[in-house]
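Take a look at the letters that make up each chain.
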Amino acid sequence: MRIEYDVKLDFKDVLIRPKRSVLTSRSEVSLEREFRFKNSGATWKGVPIIAANMDHTGTFEMAKALAKHQLLTAIDKFISPADWQVFATRNPEATAASFVSVGISEEDFVKAQEIIKVSKVKMICLDVANGYTERFVDFLKRLRDNYPDTLIMAGNVVTGEMVEELLLSGADVVKIGIGPGSVCTTREKTGVGYPQLSAIIECADAAHGLGGHVCADGGCTSPGDVAKAFAAGADFVMLGGMLSGHDECLGEVIEEDGVRFKRFYGMSSKEAMEKYHGSVAEYRASEGRSVDVPYRGAVKNTVLDILGGIRSTCTYVGAHRLKELSKRTTFIRVTQQLNEVFVAHQAK
Ligand code: 5GP
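Computed from a predicted structure; not experimentally measured.

Visitor: What is the right way to read the side chain of Ser-101 from this model?
Guide: When you line up the elements, Ser-101 lands in strand 6 (residues 98-102). Within the structure, Ser-101 has its side chain in polar contact with the side chain of Asn-53 (distance 3.3 Å). At 2.6 Å, the side chain of Ser-101 forms a polar contact with the backbone oxygen of Ile-75. With residues near it in sequence (within four places) discarded, Ser-101 still touches Asn-53, Ala-74, Ile-75, Asp-76, Lys-77 and Cys-125.

What follows is the structure, encoded as structure tokens:
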């Protein structure tokens, strides 16, 4: 047993220090980024925020709405090839901004191949809760052999040495995050995890050293957190909870005592496992929770709020473009970041 004593940080532990700037308005800030990826050689241009491949947020409706703002969507892995085909035919622009998600079972692989064939989707999200297994790395290599020119994002991991291994095994983008998610219970159930801000800083450093990219996945609760993730070095940021509860999300609007909400659950929750696999396998604990989130209407308003926040962050540190945000950031360690005295009295 060993203990690491240097402090690892979460979004809540820091603020971004303002800097002198010649920017006069946040409308001067560009959030567009352009990447060329390490292994596939593929290129991409847009606003690097991705809706999570959870069944609530990773929907075709979400992809259509987000594509209008140049954002991406990782479609959940339970969608059939036939539905993908219809979507791709009717919405070529949204398909160009969508990932197909795949796990590491043989069945997943066959299904993903079929989806790629019928939809011509150009981005793959290889997603497992624990990206540290040899089986996962072998699957990634196989996927890369089969799709040499396709963008592959793979995860999740939280440490530099594993980021390097995944980049050397074929990933273009490595997804970072174990345990920070809004409906994730991994840390309570297993005691495993890594504070997300430090994970991003360390993993981005490792990836950029090899010409690779990282996607920060999980733990953002506000536009300020998304800005901090980019400031920490994330090339992409993936959002679940922040995009939940909208019209474009899976599930009906439920009304109780005049309050409207939607059901949102972790993809390893009992609810998701029963829905997609019939039951929770006995050897594993469910590592996700189910919550009722307030209904929030069209996702467009939330997207504009997030993008407005990040533009404003850039203005405070004098970054003309999102690309400069990380270079211009000094994080300061704080003991409190929000004044919550009136939180319980929020006007409707
Ligand atoms: P959020 O943006 O809601 O904080 O985090 C979204 C991320 O949480 C997802 O992209 C995924 O990586 C992770 N996640 C989703 N469902 C579960 C789950 O049931 N268990 C765990 N451990 N993580 C989950």
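There is more to say, and it comes next.
Visitor: Explain the sheet that holds strand 14 (residues 290-294) to me, please; I cannot follow it from the model alone.
Guide: Pairing between sheet strands relies on hydrogen bonds along the backbone, with the strands arranged either parallel or antiparallel. The strand order across the open sheet built from three strands is 12-13-14, with neighbouring strands paired in antiparallel fashion. Across the chains shown, the open sheet's two edge strands, defined by having one partner strand only, are strand 12 (254-256) and strand 14. Adjacent strand axes in the sheet meet at a mean angle of 45° when their direction is disregarded. Where strand 13 (residues 259-265) lies against strand 14, five bridges are found, and the strand directions are antiparallel. Each residue of the ladder has a partner; that of Tyr-265, found in strand 14, is Ser-290. Along the sheet, helix 10 (residues 270-277) contacts strand 13 and strand 14; its crossing angle with strand 13, the most-contacted strand, is approximately 70°.

Visitor: Looking at this model, I keep getting lost on the site of the ligand. Mind explaining?
Guide: Among the 20 residues in the neighbourhood of the ligand, the closest are listed as Ser-182, Thr-186, Asp-217, Ser-268 and Glu-287. Contact between the ligand and Gly-240: an oxygen atom at 2.8 Å from a main-chain N or O atom of the residue. At 2.6 Å from a nitrogen atom of the ligand is found a main-chain nitrogen or oxygen belonging to Glu-287. For the ligand, whose unbound accessible area comes to 530 Å², protein coverage reaches 90%. Looking at the shell around the ligand residue by residue, the class counts come to six nonpolar, twelve polar and two charged.

Visitor: Explain the pairing of strand 11 (residues 236-239) to me, please; I cannot follow it from the model alone.
Guide: Across a regular strand the side chains alternate sides, sitting on one face of the sheet and then on the other. Every second residue of strand 11 is oriented toward a common face, with Phe-236 and Met-238 on one face and Val-237 and Leu-239 on the other, all of them buried. One ladder, built from three bridges, connects strand 4 (residues 49-51) with strand 11; its direction is parallel. Bridging from a neighbouring strand, Ile-50 pairs with Met-238 of strand 11. Two strands pair when backbone bridges link them, and strand 10 (residues 213-217) and strand 11 are joined in this way by three bridges, in the parallel orientation.

Visitor: Explain the packing of aromatic side chains to me, please; I cannot follow it from the model alone.
Guide: In the structure shown here, the tally under the stated rule is ten aromatic pairs. Consider the rings of Phe-35 and Trp-44, whose centres lie 6.1 Å apart with planes at 15°: the pair is stacked. By relative accessible area, which is 5% here, Phe-35 ends up buried. Note on Trp-44: relative accessible area 10%, which makes it buried. Ring centres of Trp-44 and Phe-236 lie 5.3 Å apart, and the angle between their planes is 50°; on these two criteria the pair is classed as tilted. Taken together, the positions of Trp-44 in strand 3 (residues 43-46) and Phe-236 in strand 11 put the pair 192 residues apart, joining distant regions of the chain. Overall, Phe-236 belongs to the buried group, its relative accessible area being 2%. Among the aromatic residues, those joined into a cluster by ring pairs are Phe-35, Phe-37, Trp-44 and Phe-236.

Visitor: Could you clarify how one ought to interpret the packing of helix 2 (residues 81-90) against helix 4 (residues 106-119) in this entry?
Guide: The description of two packed helices rests on the angle between their axes and on the distance between the axes. Between helix 2 and helix 4, the least distance of the axes is 8 Å, while the angle of their chain directions is 25°. It follows that helix 2 is roughly parallel to helix 4 by the angle criterion. Handedness of the helix 2/helix 4 crossing: right-handed. Where helix 2 approaches helix 4, its residues Pro-81, Trp-84, Gln-85 and Ala-88 are matched on the opposing element by Lys-111, Glu-114, Ile-115, Val-118 and Ser-119. Of the residues that constitute the contact of helix 2 with helix 4, the class distribution is five nonpolar, two polar and two charged.

Visitor: Looking at this structure, how should I read the sheet that holds strand 11?
Guide: In space, the eight strands of this closed barrel follow the order 4-5-6-7-8-9-10-11, with parallel pairing throughout. Between one strand and the next, the sheet's axes are offset by a mean angle of 25°, whatever the strand orientation. In this structure, strand 4 lies alongside strand 5 (residues 72-75), joined through two bridges in parallel fashion. Among the inter-strand pairings, Ala-51 is bridged to a residue of strand 5, identified as Thr-73. Each of strand 4, strand 10 and strand 11 touches helix 9 (residues 223-231); the most contacted strand, strand 11, lies at about 150° to it.

Analysis parameters
Residues numbered from 1 in each chain as written. Predicted model: local features only at pLDDT ≥ 70, side-chain atom pairs only at ≥ 80, totals over all residues. Heavy atoms only, no water. Helix = DSSP H or I, 4+ residues; strand = E, 2+ residues; numbered from the N terminus. Polar contact = N/O pair within 3.5 Å; in protein donor to acceptor, adjacent residues only side chain to side chain. Contact = heavy atoms within 4.5 Å. Pairing = 2+ DSSP bridges. Axes fitted to C-alpha atoms, helices over the stretch in contact; angles between N-to-C directions. Near = heavy atom within 4 Å. Areas by Shrake-Rupley, 256 points an atom, 1.4 Å probe, with all protein chains shown as cover. Nonpolar A, V, L, I, M, F, W, Y, C, P; charged D, E, K, R; others polar. Buried < 20%, exposed > 50% of the residue type's maximum accessible area, 1.4 Å probe, protein only. Phe/Tyr/Trp six-rings, centres within 6.5 Å; stacked < 30°, edge-to-face > 60°. Parallel < 35°, antiparallel > 145°, perpendicular 65-115°, else oblique. Left-handed = near helix turned anticlockwise from the far one by under 90°.

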